[in-house]
Amino acid sequence: MTSLLYLLTLIFGACFAGDIVINNKKFPENFLFGCATSSYQIEGGWDADGKGPNVWDNVTHEKTSFIIDGSNGDISCDSYHKYKEDILLLKEMGANFYRFSISWPRVLPTGFIDNINQPGVDYYKNLIKELKSNQIEPVITIYHNDLPQSIQDLGGIKNPEFINWFTAYARFCFETFGDDIRYWLTINEPYVACTVGFISLVYVDGIDDYICMKNMLMAHANAWHIYHDDLKGTGKVGIVLNSNWFEPETDSAEDLEASERTMQFIWGWLGHPLYHGDYPEIMKIRVANRSKLEGFNESRIQELTNAEIEYVKGTNDFFAFNSYTSSIVRSGPDAPIGTPSHNDDLGVYIYQPDEWRNSSLSWLKVTPWGMRKLLNWIKNEYSNPPMLISENGVADGPGQLNDTIRYNYIRDYLSNIRDAMEYDGANVIGYSYWALLDTFEWTAGYTAKFGLISVNFDDPARPRTRKMSSYYYEKIMKTKCLVDECEDEI
Ligand code: GBH
């Protein structure tokens with residue numbers, strides 16, 4: 001089926017795929033295509049050469065039941081030793097950039113800058129050098145989930161001191177790896193890290209999430225100011241926000257409001273302060289009201305002071321975001337007042353219909369149309385900032401080298417992205433497929449495969465094998481075109 005569609009594409013230039021027409025305009029010459037990974041998910045070398053432990057090392061070792069297949073990232077793709085092979089593959093596929101993350105405790109084993117691990121620093125220096133000598137732009141995520149255990153032991157992201165610890169680490173990264181890095185991403189998915197992904201000893205719903213998000217916001221803003229004000233860096237610094245597109249169930253005023261409220265609560269939580277200076281009004285009002293009724297003296301949201309508002313506003317040089325799927329939102333009655341809860345603060349009903357196209361993960365329904373709507377929402381809400389799609393991708397189960405699901409996903413999402421650029425004027429500057437390789441997929445272990453390239457995790461040599469989709473993505477990266485023959489860029 002795939003090859004038939006591909007053949008039709010070859011013959012007709014543009015083609016119908018299911019219910020969508022694949023966009024046949026070339027992406028602009030300066031549009032950036034790349035692939036993404038993160039340190040804990042691919043590197044292995046978990047205790048190599050002086051690396052300190054991170055929270056994932058500890059949780060996977062101590063609580064194997066936390067991971068579906070009881071696995072861990074001790075060796076994973078072994079990219080700590082095999083990064084040159086990864087870069088060769090990126091080169092072969094024609095990637096413009098590689099988005100990877102620095103493992104905080106690999107360079108700073110205790111989390112603090114008084115203890116620098118030189119072999120860890122050398123690893124990233126070599127990685128960057130190798131990328132550059134292959135004309136691949138490094139896009140660096142400073143922190144992607146693998147918090148040093150030492151910092152977790154001190155209260156982790158919930159501790160307001162996190163702001164200083166992260167800032168010192170970010171400064172260290174800018175100073176150590178900074179030479180002509182054009183794109184820095186400070187923190188990956190703060191929303192996930194502060195809600196569902198909170199790997200914490202104690203996590204209090206409706207309280208700690210607001211504290212954590214505020215700490216993330218201030219930590220990011222500090223890093224931005226250090227980079228631009230102190231170090232006079234010439235690159236760009238952004239944070240990676242993430243979530244779904246939230247489609248209203250009907251076009252009733254209530255559902256439209258519920259959808260918009262959800263977008264504001266999730267995307268706007270940090271997006272609004274970064275672009276407009278404060279938390280979204282609707283969020284402030286709802287959290288303050290419920291806090292009061294619950295008997296709190298002040299809002300659980302941790303209101304920003306005027307000085308903080310000024311400090312964070314304008315500290316996102318580009319809008320980097322991860323998005324994989326969509327959900328439907330229905331307006332719902334407010335939950336009764338009782339125990340604080342972030343979901344009750346939001347107060348809507350969110351679901352994904354069974355009939356939507358599936359992947360191997362229940363949360364990841366294939367909804368390419370949602371990407372175009374999301375790009376439009378960001379464009380309208382934040383005055384069309386330069387947008388970098390830092391993650392987008394799909395998972396299937398093990399053993400799929402003829403990965404039609406991924407081929408279709410990439411084609412249909414990129415077509416919607418190109419539509420948003422062409423018809424809606426969305427200022428999208430780049431796209432990064434998640435992931436370059438099959439990785440350790442957090443609590444899903446090695447059961448969910450996102451890679452363009454498969455890795456044999458049973459073989460100590462961790463051999464890589466390109467999947468069918470990687471050849472299609474190679475064609476896209478090399479020709480900037482989704483179909484065989486594109487019309488010129490507009
Ligand atoms: C990204 O998170 C991460 O940045 C990346 O590391 C990861 O590998 C990639 O996506 C693919 O998952 O199991 O129903 O409770 C995506 C955001 C947040 C989506 C947690 C899945 C769990 C849903 N993820 N969420 S559920």
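As named in an unreviewed UniProt entry, the protein is beta-glucosidase, taken from Psylliodes chrysocephalus. The record held by UniProt for the protein lists under Sequence similarities (unreviewed entry) the comment "Belongs to the glycosyl hydrolase 1 family."

1. Here we look at empty space enclosed by the protein
All told, the structure shown has 4 cavities of 30 Å³ or more when counted by the stated rule. Taken as a whole, the largest cavity encloses approximately 70 Å³ of empty space. Along the wall of the largest cavity there are 13 residues; nearest its centre are I42, Y98, F100, Y123 and L127. Counting only elements with at least two residues in the lining of the largest cavity, the list comes to α2 (39-42), α4 (79-93), β4 (97-101) and α6 (118-133).

2. Description of the sheet that holds β4
The parallel closed barrel is built from 8 strands, whose spatial order is β3-β4-β5-β6-β7-β9-β12-β13. Going from strand to strand, the sheet's axes swing by 25 degrees on average, the running direction of each strand aside. Lying over the sheet, helix α17 (residues 404-424) contacts β3 (32-36), β12 (387-391) and β13 (428-434), oriented at roughly 170 degrees with respect to β13. Most of the contacts of helix α18 (residues 468-479) go to β3, to which it runs at about 145 degrees, and overall it touches β3 and β13.

3. Quick notes on the environment of Y423
Structurally, Y423 is set in helix α17. In this structure Y423 comes out as exposed when scored by relative accessible area, which is 54%.

4. As for the nonpolar core
In this structure, F162, F166 and Y473 are the most contacted members of the largest nonpolar core, which totals 141 residues. Among the elements that line this core, the one with the most residues is helix α10 (residues 208-230), at 12 residues. If we skip the residues at most four places from it in the chain, F166 touches W104, I142, Y143, T186, I187, A219 and A223. Ranked by size, the runner-up nonpolar core spans 10 residues in total, among them L32, V139, L185 and A320.

5. Quick look at α10
A rise of 1.5 Å per residue sets the reference length of α10, with its 23 residues, at 33 Å; its end C-alpha atoms lie 31 Å apart and thus fit the reference within 8%. The element α10 is largely enclosed, with a buried count of 20 among its 23 residues. Once α10 finishes, K232 follows within two positions and takes phi at roughly 50 degrees, a positive value.

6. Structural notes on the state of the cysteines
Per the stated rule, a full pass over the model turns up 2 disulfides. Put simply, C194 and C212 are joined by a disulfide, and their sulfur atoms are 2.0 Å apart. Across the S-S bond of C194 and C212 the torsion is about -70 degrees, and the bridge reads as left-handed. Remark: C212 occurs in helix α10 and C194 occurs in helix α9 (residues 190-194); sequence separation between them is 18 residues. With relative accessibility at 0%, the residue C194 sits in the buried group. Given the relative accessible area of 0%, C212 is considered buried. When the cysteines engaged in disulfides are numbered in sequence order, the protein pairs them as 1-2, 3-4. Cysteine C35 is unpaired, with the sulfur of C77 as its nearest cysteine sulfur at 13 Å.

About the cut-offs
- Residues numbered from 1 in each chain as written.
- Predicted model: local features only at pLDDT ≥ 70, side-chain atom pairs only at ≥ 80, totals over all residues.
- Heavy atoms only, no water.
- UniProt positions renumbered as here; feature names shortened; annotations may be inferred.
- 1 Å grid on protein atoms, 1.4 Å probe; cavity = no way out; pocket = protein on both sides within 12 Å on 5 of 7 lines; lining within 4 Å.
- Points joined across faces, edges and corners; volume = space filled by probe spheres on them.
- Helix = DSSP H or I, 4+ residues; strand = E, 2+ residues; numbered from the N terminus.
- Pairing = 2+ DSSP bridges.
- Axes fitted to C-alpha atoms, helices over the stretch in contact; angles between N-to-C directions.
- Contact = heavy atoms within 4.5 Å.
- Buried < 20%, exposed > 50% of the residue type's maximum accessible area, 1.4 Å probe, protein only.
- Core = buried A, V, L, I, M, F, W, Y, C linked by side-chain atoms within 4.5 Å.
- Expected span 1.5 Å × (residues − 1).
- Disulfide = S-S within 2.5 Å.

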